[in-house]
Amino acid sequence: MMLSTADRVELADLVARYAAAVDDRAFATAAALFTEDAVLAMPSPPAELGPSDVHSGRSAIAGALRAVEAFELTQHAIVGQVFDGDGRTATGRIACIAHHLGKRSSGEPINVVWHLRYADGYRRQDGAWVFAHRELSIDWIETRTPRRSRVPSWSEDD
């Protein structure tokens, strides 16, 4: 049995809800999108761009996601997604561009941009799709200088 259109829509919604929860700093909400025994593997940039740090279980996943608190704002834009599966389990290849706004050591604003991919495994649980595992790999990193931001600490004249 192949994935139905409804399954594909639900999986796309799951991926989007994860990105929104991370950007909103709703770490418990993001972790609740995983199975109890799920695994999240993430890199340690800039040294490691492949999945090098493994976090198992919702509590550990929520803690790992807190790493984005080092930035004033983040924005994860889903730019591509492909799903395969049988209706009970599925896999996904998700392309994303993640912006991380912060400050350089000089105090100047910076946007650290990750061009990344997720290799996902999903499971249908209690009638809904959830993440069973998620591996994040960064293809490349850019740094940009933003002109303006809604971050209150930045001047409106920037």
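Because the structure is a prediction, the values reported are computed rather than measured. (Residues numbered from 1 in each chain as written. Predicted model: local features only at pLDDT ≥ 70, side-chain atom pairs only at ≥ 80, totals over all residues. Heavy atoms only, no water.)

## Describing the UniProt feature "domain: SnoaL-like" (unreviewed entry) in the chain
Just so we agree on the cut-off: UniProt positions are given in the numbering used here, feature names are shortened, and annotations may be inferred rather than shown by experiment. Secondary structure elements are taken from DSSP: a helix is a run of H or I of four residues or more, a strand is a run of E of two residues or more, and numbering for both begins at the N terminus.
Under the feature "domain: SnoaL-like" (unreviewed entry), the UniProt entry names residues 5-134. Each end of residues 5-134 is marked by a C-alpha atom, and these two atoms are 22 Å apart; helix forms 25% of the span and strand 50%.

## Let's talk about helix H1 (residues 5-23)
Rules: To estimate the expected span of a helix, subtract one from its residue number and multiply by 1.5 Å. Any residue under 20% of the maximum accessible area for its type is buried, any over 50% is exposed, and the rest in between are partly exposed; the area is computed with a 1.4 Å probe on protein chains only.
Taking 1.5 Å as the rise per residue, H1 with 19 residues should run 27 Å; its terminal C-alpha atoms sit 27 Å apart, in good agreement. Residues of H1 that are buried include every one of Asp7, Leu11, Leu14, Val15, Tyr18, Ala19, Ala21, Val22 and Asp23, and no others.

## A closer look at the side chain of Ser137
We count it as follows: It only takes one pair of heavy atoms within 4.5 Å for two residues to be counted as in contact.
Looking at where Ser137 falls in the secondary structure, it is placed in strand S6 (residues 128-144). Taking the relative accessible area as the measure of exposure, Ser137 reaches 18% and is therefore buried. Among residues more than four places away in sequence, those in contact with Ser137 are Leu49, Gly50, Pro51, His115, Leu116 and Arg117.

## Quick notes on the side chain of Asn111
For the record, the criterion: Polar contact criterion, stated in full: a pair of N or O atoms within 3.5 Å, where within protein one must be able to donate a hydrogen and the other to accept it, and residues adjacent in sequence count only if both atoms are side-chain atoms.
In this structure, Asn111 sits in strand S5 (residues 109-125). We classify Asn111 as buried; its relative accessible area is 9%. At 3.3 Å, the side chain of Asn111 and the backbone nitrogen of His100 are in polar contact. Each residue touching Asn111, except ones within four places of it in the same chain, is listed here: His99, His100, Leu101, Glu142, Thr143, Arg144 and Pro146.

## Some details on the layout of surface pockets
As a reminder, the rule being used: A cavity here means a set of points on a 1 Å grid, drawn over the protein atoms and nothing else, where a 1.4 Å probe fits but cannot get out; a pocket is an open set with protein on both sides within 12 Å along at least five of seven lines, and a residue lines either one if it has an atom within 4 Å of a point. Grid points are joined across faces, edges and corners, and a volume is the space filled by probe spheres set on the points.
Each pocket or cavity is described by its volume, and for the largest pocket that value is around 290 Å³. Residue lining of the largest pocket: 20 residues in total, with Met42, Ala64, Ala67, Val68 and Trp114 positioned closest to the centre. Among the secondary structure elements, those contributing two or more residues to the lining of the largest pocket are H1, strand S2 (53-56), helix H3 (58-65) and S5.

## What about H3?
Note on helix geometry: an α-helix contains 3.6 residues per turn, so any two residues three or four positions apart are oriented the same way. To be explicit about the condition: It is the directions from the helix axis to the C-beta atoms that the arc portrays.
Buried residues of H3: Ile61, Ala62, Ala64 and Leu65, and no others. Taken down its axis, H3 places every buried residue within 160° of arc, on the same side. Next to the buried residues of H3 lie H1, helix H2 (27-31), strand S1 (34-42) and S2.

## Observations regarding the nonpolar core
Considering soluble globular proteins, one finds that nonpolar side chains tend to be buried as a cluster. For clarity, the threshold we go by: As used here, the term nonpolar core means buried Ala, Val, Leu, Ile, Met, Phe, Trp, Tyr and Cys residues forming a set that is joined through side-chain atoms within 4.5 Å.
Membership of the largest hydrophobic core comes to 35 residues, with the highest contact counts inside it found for Tyr18, Leu65, Leu116, Tyr122 and Phe131. Breaking this core down by element, the ones donating at least two residues are H1, H2, S1, H3, strand S4 (89-103), S5 and S6. Once residues within four sequence positions are removed from consideration, Leu116 is found in contact with Ile94, Ala95, Cys96, Ala98, Leu136, Ser137, Ile138 and Asp139.

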